[in-house]
Amino acid sequence: MGCGTSVATEKQGETLEQAMKAAVLIQRWYRRYMARLEMRRRYTWNIFQSIEYAGEQDQLQLSSFFTFMLDNFTQLNGNGPDLISQLLDPVVDPWLDRETCYNLIHVPESYTGPRLSFPLSVADTNALLSAFKDQQTLHARYVLQLLYETKKLLKQMPNIVHLSTSYYKEITICGDLHGRLDDLLLIFYKNGLPSAETLYVFNGDFVDRGKKSVEVVILLFAFLLLYPDYMHLNRGNHEDHIMNLRYGFTKEVMQKYKTHGREILQLFQDVFSLLPIATVIDGKILIVHGGISDQTDLDFLSSIERHKVKSALRFPRCSLEHLDISQSCRQTKRTRSTDSSRPSSSRSQNKNQRTPNTRKKRCRLSRQDSAASTSSSSSSSSSSSSLCSPQTPSCLSPHAFPSSPCMPYSVNVLQVPFLDSLSSVPLPSPSQHEQEWKQIVDILWSDPKIQDGCSPNTFRGGGCYFGPDVTQRLLLQHGLQLLIRSHECKQEGYEFCHSGKVITIFSASNYYEEGSNRGAYVKLGRELVPRFYQYQVSRTTRKLTLTQRVRAAEGSALRALKEKLFAHRSELMAGFQQYDQNNTGRVSVCEWALVLESVLRLDLPWRTLRPHLARLAPDGSLEYQSCFEDMGPGIPLPQVTPNLAETLFRYRTDIEIIFNIIDKDHSGLISIEEFRQTWRLFSAHLGVAIDDSAIDDLARSIDFNKDGSIDFTEFLEAFRVVHKLDSKDQQLHEKMDGEKRTG
Amino acid sequence: MAENSKSAEATVLNTKVLKKLKGAFQAFDTKSDNTVDIKEIGTIFYSLGFFPTQADLQKFTSEVEDERSGYIHWDRFLPAMTKVLLEDKFPPISDELLLQAFEVLDKEKRGYLEPEELTNYMTKEGEPFTQEEMDEMLTAFTDEEKKHIYYKDVIPHLTLERKM
């Protein structure tokens with residue numbers, strides 16, 4: 001070995017070693033980078049989830065508002081009988097056949113979409129599939145006919161459908177779709193269309209949130225009609241007309257079907273309430289949308305009339321007591337319920353007492369104030385007989401229920417008969433009805449939890465959190481081995497819990513945002529061993545990096561979070577100022593986090609999120625005003641006090657729902673008087689002190705063309721907040737502004 | 001006197017850091033039972049600003065794992081992490097060093113690396129990347145047009161701290 005070679009080898013060795021060190025360094029940096037990304041992805045996920053669940057809790061606000069209205073019915077009468085009567089409309093029983101004149105609807109020659117012929121054939125479903133892929137809309141006439149036929153079919157079905165794998169090779173179970181047509185088409189593409197070889201169970205939540213709810217549900221119903229033996233649908237908590245008012249399905253229908261939307265929606269209401277609530281495979285696997293409770297009784301569930309629980313959001317009074325929100329409600333009620341002649345006031349005192357006299361009184365009240373009243377108080381006796389026979393499955397005894405627009409009971413069950421809501425057939429034993437309601441709501445709204453036991457699901461406002469012991473007990477009781485449910489979004493599209501006894505299956509990929517989660521479906525063969533298939537729909541053909549996806553999702557989550565902060569600005573500021581007696585504008589990070597925690601009640605890692613939400617002063621303290629800097633109102637409205645603006649922003653969803661109810665023809669316009677009354681009512685219920693003149697000024701200023709009506713869609717838009725730092729948003733806003741001025 | 005202030009300082013440090021550790025831990029405590037999957041330990045470390053090697057992680061994991069259950073409980077995680085902090089076991093690597101590292105690999109000093117070169121280094125040297133990690137890195141950092149990895153542009157991504 002000469003000098004030269006050894007030096008060369010040494011140098012080579014050095015270089016190699018250097019390269020290795022360099023590689024290790026880069027690898028460590030990169031892994032750190034990816035770890036941070038993963039962290040951000042998790043935090044983002046947490047934000048979406050907490051806001052989603054908190055939003056559902058807001059729903060309670062609305063329901064308690066209706067309770068409030070009912071309790072103060074007579075007093076409010078003076079404020080406008082028209083408004084109240086609009087909100088308390090006569091009821092039409094979903095079991096009854098509505099007058100559907102779909103065959104009178106003319107389909108123009110120019111219509112190039114599918115022309116369905118009933119009974120449906122494969123040609124029809126193929127036509128629907130290709131039409132929807134091409135962004136076409138099915139004509140209202142066929143929608144109505146489809147719904148009408150679906151309703152007829154569903155009436156014959158039991159509450160719990162039993163399937164067997166001895167006849168069918170494999171069964172595929174899909175979870176929430178939420179109007180995501182792309183996901184449904186992807187499932188059909190990967191797994192095959194429904195057929196004798198490919199059985200499907202769709203586990204609820206077909207509509208709301210996504211933009212193509214109509215198309216999704218039409219396809220599902222079409223296949224149901226085509227292959228009633230191979231296609232099975234369970235009801236989800238979003239197959240509910242009040243949820244639809246809030247989460248987008250109603251709006252979508254009205255936008256796509258301007259002339260017949262209302263009719264279509266009414267039929268949808270009926271169909272939704274007639275969907276079966278559970279499916280059982282081989283007597284071993286139970287499939288329900290939400291979950292179970294410690295009171296779930298499958299035999300009882302088989303026997304009830306499921307269509308009577310039209311909406312889960314009309315719940316019995318006693319459940320309200322579990323929840324904080326009812327507190328403010330009850331307080332206001334106590335001051336008002338001095339008038340004993342009003343039957344509704346007795347509810348808070350005598351829950352279980354109800355006399356025929358009271359009932360008659362109430363019915364009389366309703367007749368006075370509602371335009372069309374088609375029943376009498378004697379309806380109660382005739383209906384009781386059919387309800388007292390729990391052994392008769394509802395599918396075998398088609399009965400004509402008298403429609404009864406009677407007012408709510410003085411007992412536990414609260415029913416608000418508006419917009420064809422809960423059919424209020426008076427019951428001899430109110431607890432029976434309450435039980436039915438609870439059993440169904442538990443099935444549709446419950447979530448599993450890790451700890452044993454069963455507690456009320458206060459986040460959702462209905463249903464329970466059920467523990468592994470509850471699952472175990474139910475499975476044992478009915479000889480089952482597995483529970484498959486949906487209702488909760490999971491990052492991988494599915495998740496096991498309760499030691500493998502519960503599967504959550506979720507089929508809407510990118511639910512919160514592009515890249516937020518995968519969708520999945522589960523297949524069962526004769527051996528009943530679940531096999532999972534995952535997928536993710538992507539908007540672009542180019543593969544997005546994790547970075548891009550995380551960034552997109554994060555941005556979206558943070559915006560939602562900032563809006564939440566903005567909506568609670570006054571409360572937050574009050575909280576901050578408690579820690580800042582000297583008005584320095586600063587608090588410590590800890591104090592800031594404490595205030596957020598207590599006001600917003602969102603379980604989030606505030607300290608970690610801090611850099612996105614608030615600024616630090618040089619000394620490390622937090623400048624709390626900076627929380628709200630990014631946000632500002634959309635179109636500045638004159639004479640709007642900040643307090644009013646904030647309240648309107650916070651409750652805009654609820655207000656929108658109420659307006660939608662008032663605006664019966666869904667024209668988007670309500671009268672100023674109606675607006676005024678509604679707002680006064682709502683703010684009285686909220687306990688928000690708003691000057692009457694401020695409301696009047698606001699109402700008048702919104703009526704730009706001075707014709708006495710408010711385009712409340714525009715009005716609500718005005719209270720949409722703008723993220724100042726988001727230039728894209730500004731551009732969109734300017735575009736909207738421009739369109740408004742020209743159009 | 002001096003001892004008191006030292007311990008007081010230590011306590012203050014611990015509260016802040018404790019919250020940070022708790023936050024990082026809870027992000028992965030999906031079952032809400034104060035345990036995290038072992039596989040996430042690396043992510044937790046990195047997200048807290050440490051730069052352990054894979055070997056470091058394995059050693060740490062073996063010391064705190066709950067009887068090979070695959071999970072680590074908070075009660076064992078916390079003291080072990082505290083030790084790591086106090087002993088400054090996995091100090092940060094500065095960005096200058098990162099730049100130098102890239103320059104070492106870029107023998108011809110072109111200012112960029114070819115995807116194949118980077119792949120070679122990352123998957124064969126040091127503590128090799130998995131195929132998935134490599135794919136992700138290439139997708140994220142390769143310039144669309146020129147198909148090169150301009151590492152000077154990449155470095156800010158790797159080091160940038162998020163701001164409001």
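Residues numbered from 1 in each chain as written. Chains lettered and ligands numbered in written order. Predicted model: local features only at pLDDT ≥ 70, side-chain atom pairs only at ≥ 80, totals over all residues. Heavy atoms only, no water.

**Q** Kindly report on the UniProt feature "domain: EF-hand" (unreviewed entry) in chain B, identifying the contributing residues and their values.
**A** Within this structure's numbering, the places UniProt gives as "domain: EF-hand" (unreviewed entry) are residues 16–51 and 93–128 of chain B. This span, residues 93–128 of chain B, is 58% helix and 0% strand, and a straight line between its end C-alpha atoms measures 19 Å. (UniProt positions renumbered as here; feature names shortened; annotations may be inferred. Helix = DSSP H or I, 4+ residues; strand = E, 2+ residues; numbered from the N terminus.)

**Q** Account for the sheet that holds strand β2 (residues 170–174) of chain A, with residues named and values stated.
**A** Residue and element names in this part refer to chain A. Here we have 5 strands laid out as an open sheet, ordered β4-β3-β2-β13-β14, and mixed in their pairing. Only two strands of the sheet have a single partner each, and these edge strands are β4 (231–233) and β14 (531–535). With strand direction ignored, the average angle separating the axes of adjacent strands in the sheet is 20°. Sheet topology note: the strand β13 (residues 519–524)/β14 ladder contains 5 bridges and is antiparallel. Each bridged residue has a counterpart across the sheet, and for Gly-519 the counterpart in β14 is Tyr-535. Taken strand by strand, helix α7 (residues 213–226) contacts β3 (198–202) and β4, and its axis lies near 130° from that of β4. (Pairing = 2+ DSSP bridges. Axes fitted to C-alpha atoms, helices over the stretch in contact; angles between N-to-C directions. Contact = heavy atoms within 4.5 Å.)

**Q** Lay out helix α3 (residues 54–64) of chain B with the relevant residues and their values.
**A** Residue and element names in this part refer to chain B. Residues of α3 that are buried: Leu-57, Phe-60, Thr-61 and Val-64. All buried residues of α3 fall inside an arc of 100° around its axis, so they share one side. Along α3, the residues that are exposed and aim more than 90 degrees away from the buried face are Gln-58, Lys-59 and Ser-62. Buried-residue contacts for α3 involve α2 (41–47), β2 (71–73) and α4 (74–87). (Buried < 20%, exposed > 50% of the residue type's maximum accessible area, 1.4 Å probe, protein only. Arc of directions from axis to C-beta.)

**Q** Describe in detail the pattern of salt bridges, supporting the description with residues and values.
**A** Residues and elements named next belong to chain A. In this structure the tally under the stated criterion is 24 salt bridges over all chains. Glu-38 is the partner of Arg-41 in a salt bridge, and the nearest nitrogen-oxygen pair spans 3.4 Å. Remark: Glu-38 and Arg-41 occur in helix α1 (residues 3–71); sequence separation between them is 3 residues, near one turn of the helix. Residue Glu-38 is classed as buried on the basis of its relative accessible area of 14%. (Salt bridge = Lys/Arg side-chain N within 4 Å of Asp/Glu carboxyl O.)

**Q** Would you mind going over the interface of chain A and chain B in detail, with residue names and values included?
**A** For interface size, the figure often reported is the accessible area lost on association. Chain A puts 39 residues into the contact, and the matching count from chain B is 48 residues. For the pair chain A and chain B, the summed buried surface comes to about 4200 Å²; carbon and sulfur atoms form 66% of the total. Of the charged contacts in the structure, one is a salt bridge between Arg-31 of chain A and Glu-133 of chain B, with a shortest N-O distance of 3.0 Å. Inspection of the region where chain A meets chain B yields 7 residue pairs in polar contact (both at pLDDT 80 or more). Only α1, α18 (546–567) and α21 (606–613) of chain A provide two or more residues apiece to the side of chain A that touches chain B. Looking at the side of chain A that touches chain B, the element that brings in the most residues is α1 of chain A, giving 23 residues. Among the residues making up the side of chain A that touches chain B, the classes are represented as 20 nonpolar, 6 polar and 13 charged. (Buried area = accessible area lost by both parts, 1.4 Å probe. Polar contact = N/O pair within 3.5 Å; in protein donor to acceptor, adjacent residues only side chain to side chain. Nonpolar A, V, L, I, M, F, W, Y, C, P; charged D, E, K, R; others polar.)

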